[in-house]
Amino acid sequence: REMADEKTTAGGGAAKADPKDAKKKTKEEKKKEEEMSEEDLAKKAELDLLAERVMEGDEGVQRLALETIRSEIRSATSSMTSVPKPLKFLRPHYSGLKACFEKQPKGEAKVLLADVLSVLAMTMAVEGTRESLTFKLEGTIGDLESWGHEFVRNIAGEIGVEWNKRLADKQSVADLKVLVDEIVPFHMRHNAEPEACDLLIEVDQLADMLNLVDDTNYARIALYLTNCANYIPEPEDTAILRVVQQVYWKVRQYPQALRIAIKLGDNDGIQALFDQCDDMVLKKQMAYIAARSQVACVECDDLDVQEILSNTKLCEKFQSLARDLDVWEAKTAEDIYKSHLDNTRTVLSSSVDSAQQNLATTFVNGFVNCAFGHDKLLTTAEGNKWVYRNKEHGMMSATASLGLILLWDVDEGLGQVDKFLESTDDYIKAGALIAMGVVTCGVKNECDPALALLSEPLEPGKPTITRVGAIIGLGIAYAGSRRDEILKMLTPIVADTTAPIDVFALASLSLGLVFVGTCNDVIAETIMEGLLERDEATLNDPMTRFACLGLGLLFLSRQEEAETTLEALKALPGQTGKYCCMTVDTCAYAGTGNVMKVQSYLQMCADHLEEDNSHQSVAALGIAMCAVGEDLGAEMSLRSLEHMLQYGEPNLRRVVPLCIGLLNTSNPKPQVIDMLSRLSHDADADTAQGAIISLGLVAAGTNNARVAQLLRSLVQYYQKDPKHLFVVRLAQGLLHMGKGLMTLNPQYSDRLLTSGVALGGLLVLAHCCLDLKNTLLGRHHYMLYYLTAAIQPRMLMTVDEEGNSVPVSVRVGQAVDTVGQAGRPKTITGFQTHTTPVLLAYDQRAEIATDEWLPVSSTVLEGFVMVKRNPDFVKV
């Protein structure tokens, strides 16, 4: 308030000062003057005299006085550590100089006075008046730099406000554009790239930045703009990312430009980058990035690049990682359970249903030995016996788990799975069809065996269970591929109103996963018609939720493009209509960090509904989905979820653990583990089961010792409850997935990109967990295999130009946010030096620690990174 009063007084405020206050001020001023040094007093007297000369009116004297004041201010401004003394001493004269300016006739003196007033207004003008800019426009154009950085920053801030005001009033901004064109190069010359970007974003002229980009500043500009895009709404964020793409393109940083093109979903841009890049080694690095992103649109004549794009060597490379890290030996479920450490023999407890026990062992064995190509249960000579130790749907899941063990190994996998395809038992055959899809997930093969083998069982006359197996297999095998053949095969099934609800729902889900984020109108209309033509009793089946999810996946992260479909869905009656609308809406804004949407979901959760409230569960899930991949949003969401735990209805409390799991997948933070550990003992069975599954998700593929200990204690706690025990076993399987070499997190490439396919797989599990009793704990436990779409190795492997693994010394440490920081800040902290291949946790980053090898591009060190020998390296 005191500052505001002071500004009002300095700016010539209308209020009259009280005589007592005037006396008081005079005393204070006298006291200050007494404290001033003789030099300061002389300077004050000189400036007072100069100000009086300016206001006297003689033009020659005025000009000389203004020139002197200007040189005084400039010399003070050039080394500004606090408010410069000339500005401090001229403060009482500000209103008088303003009045003088208004009376001054046009001429050189008026221009000089405008320059001086523009600088004085920086500290003396009333907030919001933009007087500094107003006077600058009246003064000398083209000498901003001479007044110093603070003045330029102040003018830049006022330009942004004035620009928007003028556009709203439909006035010209030509004079402001002249100043912008002067300020931006000034910032660029003085390593203030973030400030230059801010100004250009404010005045909507970001494309001008391309003229100022070069090899020395592109990295800082691109990093800053990429992170800015996270906090800017549609469609401005897309426009910023397009500029970043052009920045990288201009300096021929094709792998970096490719990452941005993938984030934008710009298929034409991706292809253009591959076409334009003439360096074959660089093109191979780009192929590794595109293969990790499962980009389906790239065409390239080079056979080596095609091989990398098809991911055919992924299994071989992963297995070499396992050998290097000495975890090649197969593990049994008992190695994970460690029952010998328990006080009681819970595994053989008579109260536990043995079929469910065997099923749990099947899943644990599949997840633990995932992609290793061998185990001690199914790939041995007695593997068939284990399948027959299960019943019906259990046999189906047991056979399908073979696909997990042989993940990505198409040639070996086909031979192992083929023997089960010949089985006369429909459940085993259905499991083999799922296994076929799992084996080929994310891998392209010239022969396309999955398409050939999975098309025949889809025919209408075939048993329902084998059709289900084939549909799931196709969805997993071709997730994100956008293949028209899958559209032709599955659309008739979705359109068939006589098909059983689970066949319809799973066909919709598989189509959604194959065409994730494409906004395919044909599929969307077919699914909606299928929902509208079925009666309400049929739609009340628990499997209907997956048809809704399939529709939602088509619009994953596409924001406003889902509006037309959402309007059409209002015709769908009852609770299913609400559930479907909310599912499509939450999917459309997944990973966007849209604050307005989070608020609308919170508002929906605030209604206390005891019945017909399943759509609220999806809204709560939507809060986490919006914040996925954004650390700040995730922290804020976590606080909202804690409130929901305290004040929410039981249906919402059950979703909270799932939200936490989704926000922190494969990222076991201590506070998150504590929260889930507390909820895993909840009195409500559904909440406890959700928390246990989420513990598995949060620690998936990390071998986290603390979570392992918690899960072993939960085995003892729930030893007499078969359902809880089954869920704990699933969590143990997820925790030790791939013996600690895997991740389920959809974020990759230094958390810049989100895999739609991986997020889709996680959402299938999340929607299963909204009704565990009728899905994973019922007959539909095979839905867990959709999680395969999210499984990826969490490794850094350096390869040479021929694709052979090369051991290179790297530093691995905690990632540090360096956006907008001056100089060359360290990107990692608390690092350790290792030799590749190495494992990377969610929040870790790597950098090469030797001068002997150089990465072929400045892209993120993650996944497969191509390196070349440094020609200038001399071994000491």
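Treat the numbers as computed from the prediction; the structure is a model and nothing was measured. (Residues numbered from 1 in each chain as written. Predicted model: local features only at pLDDT ≥ 70, side-chain atom pairs only at ≥ 80, totals over all residues. Heavy atoms only, no water.)

As for the overall build of the chain
Here's step 1: Looking only at helices and strands, the chain features 43 helices and eleven strands.
Here's step 2: Principal-axis analysis of the C-alpha atoms gives the chain an extent of 110 × 70 × 55 Å.
Here's step 3: For the chain, long-range pairs separated by at least 24 residues make up 71% of all intrachain contacts whose partners lie at least 6 apart in sequence.
Here's step 4: Side chains of the chain carry 87 positive and 121 negative charges; the gap between the two charge centres is 5 Å. (Helix = DSSP H or I, 4+ residues; strand = E, 2+ residues; numbered from the N terminus. Contact = heavy atoms within 4.5 Å. Lys, Arg positive; Asp, Glu negative; His and termini not counted. Charge placed at Lys NZ, Arg CZ, Asp CG, Glu CD.)

Describing a nonpolar patch on the surface
Here's step 1: Together, Y231, L632 and M636 make up an exposed nonpolar region whose accessible area comes to about 350 Å².
Here's step 2: Looking at where M636 falls in the secondary structure, it is placed in helix α36 (residues 631-647). (Patch = residues over 30% accessible without salt bridge, like charges linked within 9 Å, V, L, I, M, F, W, Y side chains within 5 Å. Areas by Shrake-Rupley, 256 points an atom, 1.4 Å probe, with all protein chains shown as cover. Salt bridge = Lys/Arg side-chain N within 4 Å of Asp/Glu carboxyl O.)

Notes on the sheet that holds strand β7 (residues 828-835)
Here's step 1: Spatial ordering of the open sheet is given by β7-β6-β9, a layout of three strands whose pairing is antiparallel. The sheet terminates laterally at β7 and β9 (844-848), the two strands that pair on one side only. Pairwise comparison of adjacent strand axes, ignoring direction, gives a mean angle of 30° for this sheet.
Here's step 2: One ladder, built from five bridges, connects strand β6 (residues 809-815) with β9; its direction is antiparallel. Bridge pairing in β9 places R811 opposite E847. (Pairing = 2+ DSSP bridges. Axes fitted to C-alpha atoms, helices over the stretch in contact; angles between N-to-C directions.)

A closer look at the nonpolar core
Here's step 1: Counting 290 residues, the largest nonpolar core has I159, F274, W408, L506, L551, L744 and M783 as the members making the most contacts within it.
Here's step 2: Among residues more than four places away in sequence, those in contact with F274 are L258, K283, M286, A287, A290, V298, V305 and L309.
Here's step 3: Within the second largest apolar cluster, 13 residues are counted, among which are V812, V838, L840 and V865. (Core = buried A, V, L, I, M, F, W, Y, C linked by side-chain atoms within 4.5 Å. Buried < 20%, exposed > 50% of the residue type's maximum accessible area, 1.4 Å probe, protein only.)

Focus on the sheet that holds strand β8 (residues 838-839)
Here's step 1: A sheet is described by the order of its strands in space; here four strands give the open sequence β8-β5-β11-β10, paired in mixed fashion. Of all the strands in the sheet, the pair left with one neighbour each is β8 and β10 (853-855).
Here's step 2: Sheet topology note: the strand β5 (residues 795-799)/β8 ladder contains two bridges and is antiparallel. Residue L796 lies in a different strand from β8, and its bridge partner there is V838.
Here's step 3: Each of β5 and β11 (863-869) touches helix α16 (residues 280-292); the most contacted strand, β11, lies at about 165° to it.
Here's step 4: On top of the sheet, helix α18 (residues 314-324) reaches β5, β8 and β11; it is set at about 105° to β5, its chief contact.

Some remarks on the pairing of β11
Here's step 1: Here four bridges tie β5 to β11, and the two strands are oriented parallel to one another. Within the sheet, the bridge partner assigned to T798 lies in β11 and is V865.
Here's step 2: In this structure, β10 lies alongside β11, joined through three bridges in antiparallel fashion. When the sheet's bridge partners are listed, P855 is paired in β11 with V867.

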